[in-house]
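Coordinate analysis (summary)
Here are the chains, one letter per residue:
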Amino acid sequence: MSDYKQLLERQRRFFATGRTRNMEFRKEQLKRLRRVVIEKHGEVEESLYRDLRKCEFEAFATEVTAMIDEIDCAVANLEAWTAPVDVETPPLFGQAESKIYYEPYGTVLILNTWNYPFVLCFKPLVGALAAGNCCVVKPSEVAPTTSKVLAGIINAAFDAEYCVAVEGGVEEATELLRERFDFILYTGSTGVGRIVAQAAAAYLTPTALELGGKSPCIVDRTADIERSVASICWGKFINAGQTCVAPDYVWVHRDVKDRLVEALAGQIRAFYGDDIKNSPDFGRIINDRRFERLLYLMKEGRIVFGGETDAEQRFISPTLIDGITWDSRIMQEEVFGPILPVLTFEDAEEIVETLVRREKPLALYLYTTDRAMEELIVNRIPYGGGCVNATLMHMLNTNLPFGGVGNSGHGFYQGRWSIETFSHRKCILNRALSDGTPPLFPPYADHVKMLKQMYLPAAE
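Residues numbered from 1 in each chain as written. Predicted model: local features only at pLDDT ≥ 70, side-chain atom pairs only at ≥ 80, totals over all residues. Heavy atoms only, no water.

**Quick look at the overall build of the protein**
- Each helix and strand counted, the protein has 15 helices and 18 strands in total.
- Across the 460 residues that make up the protein, the buried fraction comes to 52%.
- Long-range contacts, defined as pairs at least 24 residues apart, comprise 71% of the intrachain contacts of the protein with a sequence gap of at least 6.
- Summed over all atoms, the accessible surface of the protein reaches about 21,100 Å², with 51% contributed by carbon and sulfur.
- Counting 51 positive and 63 negative side-chain charges, the protein places the averaged centre of each group 4 Å from the other. (Helix = DSSP H or I, 4+ residues; strand = E, 2+ residues; numbered from the N terminus. Buried < 20%, exposed > 50% of the residue type's maximum accessible area, 1.4 Å probe, protein only. Contact = heavy atoms within 4.5 Å. Areas by Shrake-Rupley, 256 points an atom, 1.4 Å probe, with all protein chains shown as cover. Lys, Arg positive; Asp, Glu negative; His and termini not counted. Charge placed at Lys NZ, Arg CZ, Asp CG, Glu CD.)

Next comes the structure, spelled out in structure tokens:
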């Protein structure tokens, strides 16, 4: 029997005691995690700098504070989120009441990614614990320094029979997926998402898959270009473009393309200066393999801004590429780096017709002042979520569910939506014993006329 099997048996025994169902227990565990994170936030920021060269602001604002907000929101609202929900009972069932109860699944496996290794681990973990589950967390080995700090925080905050972090690589993840969990959440690539889904299918284990895709940034001819470029550049180049919901390409109306490209170049300079490699605010590519992959994607098209690289530092400057078509290599896969292809369109129907034929992206961003254009894009194109005249901010709002659709994943989490994901909704109908026999039991002869009067239209 493997160590993982023994670990899971311990967690199942602990879950069976019922302690995780207690609201005060859940809140106290979340508060304990909050205290450890605050105590060790400096280690978190240092590890993110070493793995990704994230600056202090990005590390604290996008990783640490987002996690603290998630805990505070859960602790403040847990009773309301998990309270049984009353629903209507049809008169046919007699004197009865119907309720939906939120029941924890049991043991949850969280497989984490490397690009935002802290927040994308702890946001779903907070939700799983708030819902009353036990958890096993596997941080990504691609960000090794942060993985070690993450595991240290989790294992310092909790007993292993309740929540534990397991470090390792592909071999460890594969071994974990051979075990029978009650729920699995994976964040990462679509390819690995398929592997996780196949492993989960062996036990019919429910999953949430947070994947990726080519998220478009559409800039209409009515957009306020000068006021839009700051949020486009921020969403694309934060974390050196290594963001699952970053704009993957800009699709701009041909009438304003030149203005947009010029404004984007000016905004990049305003953000990072003329010597971007020495900017304290711009990160690095996570490893050599991904650096080489990005260099390969830069070979097609025409670089109109940026293009500077340094293999030793794994540095690629914010880069704008023109002359790209839908058949270009860079349009066949998610970029996941500081390279922004620019394509043009002529009318809104072209956008709809093109995107509905392609895989559904995780995010979509639209810049426009035309309400009709907004309604068209929001209502006709399927995607996980997004913003109008902004980027990324939808996944920072704990009142909104975050997740993909189709090839970009399924399931969601964040705030109260994590309770929906990490809980089984148990439905109960409670009928009064004093009620007479409902018209559902035989003999049926006396019930037929009444039932048809209830459900069939009266004859004219």
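The rest of the description comes next.
**Some words on the packing of helix α9 (residues 225-237) against helix α10 (residues 257-272)**
- Interhelical geometry of α9 versus α10 gives an angle of 60° and a closest axis separation of 9 Å. By the criterion of interaxial angle, the relationship of α9 to α10 is oblique. Handedness of the crossing formed by α9 with α10: right-handed. Contacts between α9 and α10 involve I225, E226, V229, A230, I232, C233, W234 and F237 from the former and R259, L260, A263, L264, Q267, I268, F271 and Y272 from the latter.
- Looking at the contact of α9 with α10 residue by residue, the classes come out as 13 nonpolar, one polar and two charged. (Axes fitted to C-alpha atoms, helices over the stretch in contact; angles between N-to-C directions. Parallel < 35°, antiparallel > 145°, perpendicular 65-115°, else oblique. Left-handed = near helix turned anticlockwise from the far one by under 90°. Nonpolar A, V, L, I, M, F, W, Y, C, P; charged D, E, K, R; others polar.)

**Observations regarding the pattern of salt bridges**
- Within the structure shown, the criterion is met by 28 salt bridges.
- For R34, the salt bridge goes to D72, with nearest N and O atoms at 2.7 Å. Taken together, the residues span a long stretch of sequence, with R34 in helix α2 (residues 23-39) and D72 in helix α4 (residues 56-82) at a distance of 38 residues.
- The exposure class of R34 is partly exposed, given its relative accessible area of 27%.
- The class of D72 is partly exposed, set by a relative accessible area of 33%.
- Residues D86 and K99 are paired through a salt bridge, measuring 2.5 Å at the closest nitrogen-oxygen approach. (Salt bridge = Lys/Arg side-chain N within 4 Å of Asp/Glu carboxyl O.)

**Points about the layout of surface pockets**
- What the largest pocket holds in volume is close to 1,300 Å³.
- Going through the elements one at a time, α7 (170-177), β6 (183-187), α8 (190-201) and α11 (288-297) are the ones with two or more residues in the lining of the largest pocket.
- Looking at the second largest pocket, its volume works out to about 180 Å³.
- In terms of lining residues, the second largest pocket is bounded by 13 residues, among which D274, D275, I276, E308 and S317 are the most central.
- Looking at the lining of the second largest pocket, its residues break down into three nonpolar, four polar and six charged. (1 Å grid on protein atoms, 1.4 Å probe; cavity = no way out; pocket = protein on both sides within 12 Å on 5 of 7 lines; lining within 4 Å. Points joined across faces, edges and corners; volume = space filled by probe spheres on them.)

**Observations concerning helix α1 (residues 3-16)**
- Spanning 14 residues, α1 covers 20 Å between terminal C-alpha atoms, matching the ideal 20 Å at 1.5 Å per step.
- Listing the buried residues of α1 in full gives Y4, L7, L8, Q11, F14 and F15. Down the axis of α1, the sector holding all buried residues measures 120°, keeping them to one side. Exposed residues pointing more than 90 degrees away from the buried face of α1 are listed as R13 and A16.
- Those residues of α1 that are buried lie in contact with α2, β2 (96-104), β3 (107-111), β4 (134-138), β5 (163-165) and α7.
- G18, located one to two residues past α1, shows a positive phi value of around 90°. (Expected span 1.5 Å × (residues − 1). Arc of directions from axis to C-beta.)

**Focus on unusual backbone geometry**
- Unlike most non-glycine residues, A240 shows phi in positive territory, near 55°.
- Within the secondary structure, A240 sits in the loop between α9 and β9 (249-253).
- You can call A240 buried: its relative accessible area is 1%.
- One non-glycine residue with positive phi stands out, namely L392, at about 65°.

**Some thoughts on the packing of aromatic side chains**
- Under the criterion given, the structure shown has 16 aromatic pairs.
- Summarising the aromatic geometry, the rings of F118 and F122 are spaced 4.6 Å apart at their centres and angled 55° between planes, so their arrangement reads as tilted.
- On the accessibility criterion, F118 (1% relative accessible area) is buried.
- Here W251 and F345 contribute two aromatic rings whose centre-to-centre distance is 6.1 Å and whose plane-to-plane angle is 80°, an arrangement assigned as edge-to-face. With W251 in strand β9 and F345 in strand β14 (residues 339-345), this pair connects stretches of sequence that are 94 residues apart. Each member of the pair W251 and F345 is classed as buried. (Phe/Tyr/Trp six-rings, centres within 6.5 Å; stacked < 30°, edge-to-face > 60°.)

**Brief notes about the nonpolar core**
- In this structure, L33, I218 and V219 are the most contacted members of the largest nonpolar core, which totals 120 residues.
- With 11 residues, α4 is the single largest residue contributor to this core.
- When residues no more than four places from it in sequence are discounted, the contact partners of V219 are I225, I232, V250, W251, V252, H253, L260, F345 and Y367.
- In this structure, L8, V166, L177 and A200 belong to the second largest nonpolar core, which totals 18 residues. (Core = buried A, V, L, I, M, F, W, Y, C linked by side-chain atoms within 4.5 Å.)

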